[in-house]
Amino acid sequence: HPEGTGRAVVTGPVGSGKTAIIKRFCIDLSRHLAEQRNINSVHVNCRNAATASRVMQKIVQDLDPGHPDRGLGVGELLTSLRRMLQRDNTHLIIVLDEVDHLLRHSGDDVLYKLLRIDEDRDGSGTLSLILISQEQVLDLLEGAVISRMGRSNHLRLSPYDENGLLAIAKQRADSGLVTGTCTDEILNLVSQAAAPSGDARQVIELLEGAAKRAEVAGRSIIEPKDVQSTIITLPNNVDSMNMDNLP
């Protein structure tokens, strides 16, 4: 609803597209409701901001880069955020990525306070909250926060299958490589190699690495050996990649 607020939890393994999907959602929603509502979004990586104060500082400074970044407590930062949203008549979507780092370090008190930010307001809400994690973070939340987030507002993403990885590889090749330099054979090889993990990042790394190797060798076309050599140089990924089927 254009006047309402939203809460969601998005979970899934590494490389399943959680962050990309939510960033795309925020852009599309802002565009779709542009004539009805001023919607802004802030993305906080809680691996880098694992305390309530750092999360609030990131949110407030994204909205107002000139806002003081030191000496203010969480309560004062929440008050500043409330004033900004009401002053600018803005609806803010806060995305807390890798939120499990925040929950383990500082608990969920700041989530509870953010979810209550509109309690004394009539009319349209000013804040929506999206949590992203590899883990089932609902198990880390207290009952009061779960009640406000809603257990049913949970989107679980599965790893990409080989067809999904192939589509990603093709899109990257079409947008980033010269036409004719990457054959269907190469696209199939990188998607097959990354299929056991289902990780989109792996298929992108493989394609990029193979393309760079071909370029360094002075060749205008990527060859299977470029893919093989790239897999060998990715020690963190070798165990999960399917090398046996590569020519």
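Residues numbered from 1 in each chain as written. Predicted model: local features only at pLDDT ≥ 70, side-chain atom pairs only at ≥ 80, totals over all residues. Heavy atoms only, no water.

(A) Quick look at unusual backbone geometry. Within the chain, N89 stands out as a residue other than glycine whose phi angle is a positive 50°. One non-glycine residue, E98, lies in the positive phi region at around 50°. On the secondary structure map, E98 appears in the loop between β3 (90–97) and α4 (99–106). (Helix = DSSP H or I, 4+ residues; strand = E, 2+ residues; numbered from the N terminus.)

(B) Focus on the packing of helix α9 (residues 200–216) against helix α10 (residues 224–232). Following both chains from N to C, one finds α9 and α10 inclined at 120°, their axes separated by 8 Å at the closest point. Crossing of α9 over α10 shows right-handed handedness. Contacts between α9 and α10 involve E205, L206, G209, A210, R213 and A214 on the former and, on the latter, D226, V227, S229, T230 and I231. Residue composition of the contact of α9 with α10, by class: five nonpolar, three polar and three charged. (Axes fitted to C-alpha atoms, helices over the stretch in contact; angles between N-to-C directions. Left-handed = near helix turned anticlockwise from the far one by under 90°. Contact = heavy atoms within 4.5 Å. Nonpolar A, V, L, I, M, F, W, Y, C, P; charged D, E, K, R; others polar.)

(C) Representation of the side chain of R37 in the model. Note that R37 resides in the loop between α1 (18–32) and β2 (38–45). Side chain to side chain, R37 and H91 meet in a polar contact 3.1 Å long. (Polar contact = N/O pair within 3.5 Å; in protein donor to acceptor, adjacent residues only side chain to side chain.)

(D) Focus on the packing of helix α8 (residues 184–194) against α9. Close contact between α8 and α9 brings their axes to 9 Å; oriented N to C, the two are set at 140°. By the criterion of interaxial angle, the relationship of α8 to α9 is oblique. As α8 packs across α9, the resulting crossing turns out to be right-handed. Contact residues: α8 offers L187, V190, S191, A193 and A194, while α9 offers Q202, V203, L206 and L207. Of the residues that constitute the contact of α8 with α9, the class distribution is seven nonpolar, two polar and no charged. (Parallel < 35°, antiparallel > 145°, perpendicular 65-115°, else oblique.)

(E) Representation of the pattern of salt bridges. The full count for this structure, using the stated rule, is 12 salt bridges. For E98, the salt bridge identified is with R47, shortest N-O distance 2.8 Å. Of this pair, E98 sits in the loop between β3 and α4 while R47 sits in the loop between β2 and α2 (52–63), and the two are 51 residues apart along the sequence. The class for R47 is partly exposed, based on a relative accessible area of 48%. (Salt bridge = Lys/Arg side-chain N within 4 Å of Asp/Glu carboxyl O. Buried < 20%, exposed > 50% of the residue type's maximum accessible area, 1.4 Å probe, protein only.)

(F) Molecular detail of the side chain of D97. Note on placement: D97 falls in strand β3. Nearest to the buried, unbridged D97 among oppositely charged side chains is K18, at 6.4 Å. A polar contact of 2.5 Å, which involves the side chain of D97, links it to the side chain of T19. Setting aside its immediate chain neighbours within four residues, D97 contacts T19, H43, V44, N45, C46, R47 and I132. (Lys, Arg positive; Asp, Glu negative; His and termini not counted.)

(G) Broad picture of α1. Helix length check: α1 (15 residues) gives 21 Å between terminal C-alpha atoms against 21 Å at 1.5 Å per residue, within 8%. Of the residues making up α1, those classed as buried are K18, I22 and C26. Taken end-on, α1 shows its buried residues confined to a sector of 70°, consistent with a single buried face. Turned more than 90 degrees from where α1 packs its buried face, A20, R31 and H32 sit exposed. Lining the buried residues of α1 we find β1 (7–11), β2, β3 and β4 (127–133). (Expected span 1.5 Å × (residues − 1). Arc of directions from axis to C-beta.)

(H) Just the environment of G71, in detail. Position of G71 relative to the elements: it lies in the loop between α2 and α3 (74–88). Residue G71 is classed as exposed on the basis of its relative accessible area, which comes to 74%. Residues G71 and A167, 96 residues apart in the sequence, show an inter-C-alpha distance of 48 Å.

Any link to function would need more than the numbers given here.
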